[in-house]
Amino acid sequence: MTEHVFEPMRRSMVASQLRTTGVNDPRVVEAMGEVPRERFVPQDRLALAYADALVPVAPGRALSPPMALGRLLTEARLHGHERALVIGAATGYSAAILARLVASVVALEEDEELFAFAVKALAGSGVEMVKGPLAKGYAKGAPYDFILIDGAAEQVPLAIVAQARDGGVIALAVLEDGVSRLAVGRVAAGAFGAMVFADAETAPLPGFEKPRGFSF
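Residues numbered from 1 in each chain as written. Predicted model: local features only at pLDDT ≥ 70, side-chain atom pairs only at ≥ 80, totals over all residues. Heavy atoms only, no water.

Chemist: Quick one: what's the story with the overall build of the protein chain, residue by residue and with numbers?
Modeler: Each helix and strand counted, the protein chain has six helices and nine strands in total. In terms of overall dimensions, the protein chain is globule-like: its C-alpha atoms have a radius of gyration of 16 Å, near the 17 Å expected for 216 residues. With respect to the three principal axes, the spread of C-alpha positions in the protein chain is 50 × 45 × 35 Å. By the burial criterion, 52% of the 216 residues in the protein chain qualify as buried. Excluding contacts between residues fewer than 6 apart, the proportion of contacts in the protein chain whose partners are at least 24 apart in sequence is 54%. Working note: accessible area of the protein chain is about 10000 Å², and carbon and sulfur atoms make up 55% of it. On the protein chain, the mean spot of the 21 positive side-chain charges and the mean spot of the 25 negative ones are 3 Å from each other. (Helix = DSSP H or I, 4+ residues; strand = E, 2+ residues; numbered from the N terminus. Rg over C-alpha atoms; globule rule 2.2 N^0.38 Å. Buried < 20%, exposed > 50% of the residue type's maximum accessible area, 1.4 Å probe, protein only. Contact = heavy atoms within 4.5 Å. Areas by Shrake-Rupley, 256 points an atom, 1.4 Å probe, with all protein chains shown as cover. Lys, Arg positive; Asp, Glu negative; His and termini not counted. Charge placed at Lys NZ, Arg CZ, Asp CG, Glu CD.)

Here it is as structure tokens:
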């Protein structure tokens, strides 16, 4: 499949999946209309590159539907000067979009194969790829103005909250009773609270589960 095949698919994604669902930040729409999503999808999943669905990229990992990313970045209300961290970079697609919206991007991934894929796919983008446990974030580059947890999480570890500057924004999908809901919030005095604004299918990230209580 060649670029002339994917270009109309990308235009269709913008028209039918973004503009109709509240993705109305012109910069977000422009970035998602220009970045070739097929570059960030495994060869055997190319037909799904612009699908309004999860795209599996590794065991237990998937790219979220474009709408989910578009809504999170729209509601984050980015200005362009931010230093950003992407947690759960996977193949690097969300980091590539974010790199067009902010001043600098650090992208964290723990899966060896996904990390290698992302490094290759993001070549020349200016994104700094780093490897490590997702739930620990990347303290070396903190504080961040914006943190994107690119997937569904039952909780945001305090270690990650501490890596956002006071007043910084964290965006994620909150996972509750098996339902993922998009949410954005700010960090204030070391605490984080998020406002849920839409339901959206997103893949759970490993390491962000709430502790399970003991039961007989």
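Chemist: Explain the packing of aromatic side chains residue by residue, including any values.
Modeler: Tallying each qualifying case throughout the model produces two aromatic pairs. For the pair Phe 6 and Tyr 50, a centre-to-centre distance of 6.4 Å together with 50° between the ring planes defines the contact as tilted. With Phe 6 in helix α1 (residues 3–18) and Tyr 50 in the loop between α2 (26–34) and β1 (55–58), this residue pair connects regions lying 44 residues apart in the sequence. The two residues Phe 6 and Tyr 50 agree in class, both being buried. The ring of Tyr 93 is capped by Arg 37, whose NZ or CZ atom sits 4.9 Å from the centre of that ring. Its guanidinium or amino end placed over the ring of Phe 115, Lys 131 lies 5.0 Å from that ring's centre, counting from NZ or CZ. (Phe/Tyr/Trp six-rings, centres within 6.5 Å; stacked < 30°, edge-to-face > 60°. Lys NZ or Arg CZ within 6 Å of the ring centre and 35° of its normal.)

Chemist: Run through the side chain of Arg 37, naming residues and quoting values.
Modeler: Relative to the elements of secondary structure, Arg 37 occurs in the loop between α2 and β1. Although Arg 37 lies buried, it forms no salt bridge, and the closest oppositely charged side chain, Asp 150, sits 8.1 Å away as judged by the N-O distance. A polar contact of 2.5 Å, which involves the side chain of Arg 37, links it to the backbone oxygen of Ala 49. Setting aside its immediate chain neighbours within four residues, Arg 37 contacts Leu 48, Ala 49, Tyr 50, Ala 51, Val 55, Leu 63, Ser 64, Pro 65, Pro 66 and Tyr 93. (Salt bridge = Lys/Arg side-chain N within 4 Å of Asp/Glu carboxyl O. Polar contact = N/O pair within 3.5 Å; in protein donor to acceptor, adjacent residues only side chain to side chain.)

Chemist: Hey, could you go over the environment of Glu 209 for me, with residue numbers and the actual values?
Modeler: Position of Glu 209 relative to the elements: it lies in the segment after β9 (191–199). Overall, Glu 209 belongs to the partly exposed group, its relative accessible area being 42%. The spacing of Glu 209 and Met 129 is 80 residues in sequence and 24 Å in space, taken between C-alpha atoms. Among residues more than four places away in sequence, those in contact with Glu 209 are Glu 154 and Gln 155.

Chemist: Any details on the nonpolar core? Residues and values, ideally.
Modeler: Membership of the largest hydrophobic core comes to 57 residues, with the highest contact counts inside it found for Leu 73, Ile 97, Leu 98, Leu 101 and Phe 146. By residue number, the principal contributor to this core is helix α3 (residues 66–76), which donates six residues. Excluding residues that lie within four positions of it along the chain, Leu 98 makes contacts with Leu 73, Leu 78, Ala 84, Val 86, Val 105 and Phe 146. With 22 residues, the next largest nonpolar core counts Tyr 144, Ala 153, Ile 160 and Ala 164 among its residues. (Core = buried A, V, L, I, M, F, W, Y, C linked by side-chain atoms within 4.5 Å.)

Chemist: Any chance you could break down the pairing of strand β4 (residues 104–109) for me, citing the residues and the numbers?
Modeler: Of all the six residues making up β4, five are buried; the element is thus mostly covered by neighbouring parts of the structure. One ladder, built from five bridges, connects strand β3 (residues 83–87) with β4; its direction is parallel. The partner of Ala 84 across the bridge, within β4, is Val 105. For the handedness criterion, the β-α-β arrangement of β3, helix α4 (residues 93–98) and β4 is classed as right-handed. Inspection of the sheet shows β4 paired to strand β5 (residues 128–131) by four bridges, in the parallel sense. Its bridge partner lying in β5, Glu 109 is registered against Lys 131. Handedness of the crossover joining β4 and β5 through helix α5 (residues 112–121): right-handed. (Pairing = 2+ DSSP bridges. Right-handed = clockwise from strand over helix to strand, strands pointing away.)

Chemist: Residue-level account of the sheet that holds β4, with values.
Modeler: In spatial order, the strands read β5-β4-β3-β6-β7-β8-β9; together these seven strands make up an open sheet with mixed pairing. Looking at strand neighbours, the two that pair on one side only are β5 and β9, the edges of this open sheet. Ignoring which end each strand starts from, the neighbouring axes of this sheet average 20° apart. Strands in contact with α3 are β6 (144–153), β7 (164–176), β8 (179–188) and β9; relative to β8, the strand with the most contacts, it is inclined by about 25°. (Axes fitted to C-alpha atoms, helices over the stretch in contact; angles between N-to-C directions.)

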